[in-house]
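# Residue-level structural notes
One letter stands for each residue in the lines below.
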Amino acid sequence: MEVFQALQRLHMIIFSQNVSPCGKFLAAGNNYGQIAIFSLSAALSSEAKEESKKPMVTFQAHDGPVYSMVSTDRHLLSAGDGEVKAWLWAEILKKGCKELWRRQPPYRTSLEVPEINALLLVPKENSLILAGGDCQLHTMDLETGTFTRALWGHTDYIHCLALRERSPEVLSGGEDGAVRLWDLRTAKEVQTIEVYKHEECSRPHNGRWIGCLATDSDWMVCGGGPALTLWHLRSSTPTTIFPMRAPQKHVTFYQDLILSAGQGRCVNQWQLSGELKAQVPGSSPGLLSLSLNQQPAAPECKVLTAAGNSCRVDVFTNLGYRAFSLSF
Amino acid sequence: MAAVTDDEVIRKRLLIDGNGAGDDRRINLLVKSFIKWCNSGSQEEGYSQYQRMLSTLSQCEFSMRKTLLVYDMNLREMENYEKIYKEIECSIAGAHEKIAECKKQILQAKRIRKNRQEYDALAKVIQRHPDRHETLKELEALGKELEHLSHIKESVEDKLELRRKQFHVLLSTIHELQQTLENGEKLSEVEEAQETSMETDPKP
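Since the model is a prediction, treat every value here as computed from it, not as a measurement. (Residues numbered from 1 in each chain as written. Chains lettered and ligands numbered in written order. Predicted model: local features only at pLDDT ≥ 70, side-chain atom pairs only at ≥ 80, totals over all residues. Heavy atoms only, no water.)

## Quick notes on the interface of chain A and chain B
- Facing 14 residues of chain A, the contacting portion of chain B comprises 11 residues.
- The contact between chain A and chain B buries some 1,300 Å² in all, and 52% of this surface belongs to carbon and sulfur atoms.
- If you sort the residues of chain A by the area they bury against chain B, W219, Q255 and D256 of chain A come out on top, with a joint share of 42%.
- Applying the counting rule to chain A against chain B returns 3 salt bridges.
- At the junction of chain A and chain B, the tally comes to 6 residue pairs in polar contact (both at pLDDT 80 or more).
- Here the element with the most residues in the side of chain A that touches chain B is strand β20 (residues 237-241) of chain A; it accounts for 4 residues.
- Of the residues in the side of chain A that touches chain B, the class split is 4 nonpolar, 7 polar and 3 charged. (Contact = heavy atoms within 4.5 Å. Buried area = accessible area lost by both parts, 1.4 Å probe. Salt bridge = Lys/Arg side-chain N within 4 Å of Asp/Glu carboxyl O. Polar contact = N/O pair within 3.5 Å; in protein donor to acceptor, adjacent residues only side chain to side chain. Helix = DSSP H or I, 4+ residues; strand = E, 2+ residues; numbered from the N terminus. Nonpolar A, V, L, I, M, F, W, Y, C, P; charged D, E, K, R; others polar.)

## Points about the packing of aromatic side chains
- By the definition in use, this model includes 7 aromatic pairs over all chains.
- Ring plane angle 50° and centroid distance 4.8 Å describe the contact between F59 of chain A and W87 of chain A, whose orientation is recorded as tilted. A residue pair is termed long-range when its members are at least 10 positions apart, and F59 of chain A in strand β4 (residues 57-60) and W87 of chain A in strand β7 (residues 84-88) qualify at 28 residues.
- Residues F242 of chain A and W270 of chain A carry aromatic rings whose centres are separated by 5.2 Å and whose planes lie at 50° to one another, so their mutual orientation is tilted. With F242 of chain A in the loop between β20 and β21 (248-254) and W270 of chain A in strand β23 (residues 266-271), this residue pair connects regions lying 28 residues apart in the sequence. With respect to class, F242 of chain A is no different from W270 of chain A; both count as buried.
- Connected via pairs of aromatic rings, a cluster forms that spans F34, W37, Y47 and Y50 of chain B.
- Just above the ring of Y196 of chain A sits the side chain of R208 of chain A; from NZ or CZ to the centre is 3.9 Å. (Phe/Tyr/Trp six-rings, centres within 6.5 Å; stacked < 30°, edge-to-face > 60°. Buried < 20%, exposed > 50% of the residue type's maximum accessible area, 1.4 Å probe, protein only. Lys NZ or Arg CZ within 6 Å of the ring centre and 35° of its normal.)

## Re the sheet that holds strand β12 (residues 147-151) of chain A
Residue and element names in this part refer to chain A.
- Here we have 4 strands laid out as an open sheet, ordered β9-β10-β11-β12, and antiparallel in their pairing. The open sheet has two edge strands, β9 (116-122) and β12, and neither has a second partner. Between one strand axis and the next, the sheet turns by 20° as a mean value, whatever way the strands run.
- Pairing analysis gives 4 bridges linking strand β11 (residues 137-141) to β12, with the strands arranged antiparallel. For H138, the partnering residue across the bridge sits in β12 and is A150. (Pairing = 2+ DSSP bridges. Axes fitted to C-alpha atoms, helices over the stretch in contact; angles between N-to-C directions.)

## A few points about the pairing of strand β19 (residues 229-232) of chain A
- By the alternation rule, side chains of β19 of chain A split into T229 and W231 of chain A and L230 and H232 of chain A, which are all buried.
- Between β19 of chain A and β20 of chain A, which pair antiparallel in sequence order, lie 4 residues; one of them, S236 of chain A, sits at a positive phi of approximately 50°.

## Considering the nonpolar core
- Of all hydrophobic cores here, the largest spans 19 residues; its most connected members are L26, F38, V313, L326 and F328 of chain A.
- Of all the secondary structure elements, the ones that give two or more residues to this core are β1 (14-19), β2 (25-30), β3 (34-39), α2 (40-44), β27 (312-316) and β28 (324-327) of chain A. (Core = buried A, V, L, I, M, F, W, Y, C linked by side-chain atoms within 4.5 Å.)

## So, the sheet that holds β20 of chain A
- Ordered in space as β17-β18-β19-β20 (chain A), the 4 strands form an open sheet in which the pairing is antiparallel. Bordering the open sheet on either side are β17 (210-216) and β20 of chain A, each of which pairs with just one other strand. Averaged over all adjacent pairs, the angle separating strand axes in this sheet is 25°, with direction ignored.
- As paired elements, β19 of chain A and β20 of chain A share 4 bridges and run antiparallel to each other. Following the sheet pairing, W231 of chain A is matched in β20 of chain A by P238 of chain A.
- In the packing of helix α3 (residues 43-128) of chain B onto the sheet, the strands contacted are β17, β18 (219-224), β19 and β20 of chain A, and the crossing angle to β20 of chain A comes to about 120°.

## Regarding the pairing of strand β24 (residues 276-281) of chain A
All names here are of chain A.
- Taken together, the 5 bridges between β23 and β24 define a ladder with antiparallel strand orientation. When the sheet's bridge partners are listed, W270 is paired in β24 with L276.
- Between the antiparallel neighbours β23 and β24 lie 4 residues, among them G274 with a positive phi of about 105°.

## What to know about the confidence of the model for chain B
- Predicted confidence across chain B gives a mean pLDDT of 88, with 94% of residues reaching 70 or more.
- Ranking the elements of chain B by mean pLDDT puts helix α1 (residues 2-17) of chain B last, at 78, and helix α4 (residues 132-200) of chain B first, at 93. (pLDDT = per-residue confidence, 0-100.)

## Concerning a positive patch on the surface
- A cluster of basic residues, R9, K54, R265 and R312 of chain A, forms a positive patch at the surface.
- The exposure class of K54 of chain A is partly exposed, given its relative accessible area of 37%. (Patch = residues over 30% accessible without salt bridge, like charges linked within 9 Å, V, L, I, M, F, W, Y side chains within 5 Å. Areas by Shrake-Rupley, 256 points an atom, 1.4 Å probe, with all protein chains shown as cover. Lys, Arg positive; Asp, Glu negative; His and termini not counted. Charge placed at Lys NZ, Arg CZ, Asp CG, Glu CD.)

Given below as structure tokens:
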């Protein structure tokens, strides 16, 4: 039994993380379909012991890996093997927590159930966007649970989604190498950026897949097979190319920096001009997700957490160094 | 009651002067020497003893005054420390506020820096493209060339049309001439045929 558990931990990959709306808990989903809830406030407090770095509760959420999670102000939504399940944050710490509801978007064939790689909340419409293996973006209304739109356009599966707040547009990046912008009101594709066609950033030996996307209204960062590049959306021009050889799997804007993580141990901090400001090593050999806890209700738990190809979640209290690691 | 006050008295006396050297001993000696002086007989000895007693008394008074002064000093030190403590608390609160202010300023500065970097990034891209005036001039020149060439094309086409029309006229007149010549031949043939038929006819 112990050997089995040790083997499980050795081969664990944490795909997704999400912070609770109160800011004090962190949920992490792994490739076995389990979700673990860690208490950030306990782990960050001055009397933290070894047990506070272990999860408060772990439960089997899905049959397949949990690829993506988002939080509304009361629910945790997790998705992986073709279904979206919702859990109440208030109940999640109790043993034997059951999901509130589960939904499956309408797929073309009922034979194969494609995985859901990315979830995105659109607060203005109170809806959830799912995207994954069937190359479409499905919109689901959170009040009624019905699937309202299906956006077509990608020719291969979709890796990541990002929301552009000012004009309610969604960006999606996928295996076909294109970043597509969709207008939610007209349900049409407004812009397509084929990253691999631009010579400055394409790296044919890595492929053309887009692994990560982040947007800041007028600007967008995307990376993966092609190099990590900063794009100006209105003119669709690549402005800065970040000199990072390893493909990046997660990128996000933070204050005046861009944080990225991917193959390789480190969390990289870039300035918009393309300079590498810092590279902070973590404890996993490769990182798949970053999460910044900026919930206003818990300013003392304002940390950056990084997780990837191991059973550990690194916690950075100050962007300069790794404070400690939580572990499954 | 008496036992309690006795305990108190003993504790106080031990606290003040436990080891028996110093003021307590002096007061005991004074009392003893007073009793001795009362019992002494001769005048000079009594006088010298009296002097000695007065000096011990003055020593006791001196040490009492010293202790009173020290007590005063302690009280004032305490007040002073209280004042300093309050000042330090005020300055700590002030420092906290300044820290919060500075944090806000840092956020603002980071935003400004981000905007500047975005501007720089766009500016770099724009720099790579050629100047707008030059491009406009090139466009104008190209436009003029285009106009010029289209003029030439028009004139050439006009010439071609004219020549085509003239050829057409020429060819049509040739055709007409041909037609008339053919018609003329046919007419003369018909006339010949009529003449031969007229020659053969009048016989019968």
